[in-house]
Amino acid sequence: MEKKNIWDKEYQTSFLDEYLFLKKKGIRYEWVYKNENGISVWKYKKTQELWFTLAEMYSNPKYCV
């Protein structure tokens, strides 16, 4: 059985709110593709700025469960 690398070098999202928030904050995706269901998936380089920006987005009460 072949070992698969489960560590992805890039962060990916298909959540439109994330894409739009990151775009508004000036963080550009590295590449984008459509998955098997035709949904766009944006891939971002994993950086400290990316994590801080996502933390800012998810600190909004709109995203609290």
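Look a little higher up for the structure.
A short tour of the structure in this document, coming up. If you're wondering where the values come from, they're calculated on a predicted model, not measured in any experiment. The numbering scheme is per chain: residues are counted from 1 as the chain's sequence reads. A pLDDT threshold of at least 70 governs which residues receive local features in this predicted model, and a stricter bar of 80 or more applies before side-chain atom pairs are shown or counted, although totals over entire chains, interfaces and linings include all residues. Only hydrogens and water are set aside when side-chain values are computed; all heavy atoms of the structure are taken into account.

**Digging into the environment of R28**
Helix and strand assignments come from DSSP, with helices taken as H or I runs of at least 4 residues and strands as E runs of at least 2, each series counted from the N terminus. In this structure, R28 sits in the loop between α1 (16–24) and β2 (31–34). Buried, partly exposed and exposed residues are distinguished by accessible area as a fraction of the type maximum, computed with a 1.4 Å probe on protein chains only: under 20%, between the cut-offs, and over 50%, respectively. Judged by relative accessible area, R28 falls into the exposed class, the value being 60%. R28 sits 22 residues away from L50 along the chain, and the two C-alpha atoms are 9.8 Å apart. For the purposes of these results, a polar contact is taken to be a pair of N or O atoms within 3.5 Å, where, inside protein, one atom must be able to donate a hydrogen and its partner to accept one; residues adjacent in sequence count only when each atom of the pair is a side-chain atom. There is a polar contact of 3.4 Å between the side chain of R28 and the side chain of Y29.

**Focus on α1**
Among the residues making up α1, those that are buried are E18, Y19, F21 and L22. In what follows, a contact means two residues having at least one pair of non-hydrogen atoms within 4.5 Å. Residues of α1 that are buried in the fold lie against β1 (10–13), β3 (40–45) and α2 (48–58). G26 sits one or two positions beyond α1 and adopts a positive phi of about 85°.

**Digging into the side chain of K43**
Within the secondary structure layout, K43 lies in strand β3. Of the polar contacts made by the side chain of K43, one reaches the side chain of D8; its length is 2.7 Å. A distance of 3.2 Å separates polar atoms of two side chains, one belonging to K43 and the other to Q12. If near-sequence neighbours (up to four positions away) are discounted, K43 is found in contact with D8, E10, Y11, Q12, Y29, E30, W31 and Y33.

**Comments concerning the nonpolar core**
Here, nonpolar core refers to any group of buried Ala, Val, Leu, Ile, Met, Phe, Trp, Tyr and Cys residues whose side-chain atoms link them within 4.5 Å. Counting residues in hydrophobic clusters, the biggest one holds eight residues: Y11, Y19, L22, I27, W42, Y44, L50 and L54. Once residues lying within four places of it in the same chain are set aside, the contact partners of L50 are Y11, L22, I27, Y44 and K45.

**Things to note about the pattern of salt bridges**
What counts as a salt bridge is simple: a side-chain nitrogen of Lys or Arg found within 4 Å of a carboxyl oxygen of Asp or Glu. With the rule as written, the count across this model stands at three salt bridges. D8 is the salt-bridge partner of K43, the closest N and O atoms lying 2.7 Å from each other. Highlighted residues: K43 in strand β3 and D8 in the segment before β1, separated in sequence by 35 residues. On the basis of relative accessibility, which here comes to 5%, the residue K43 falls in the buried class. The partner of D17 in a salt bridge is K62, and the shortest N-O contact between them spans 3.6 Å.

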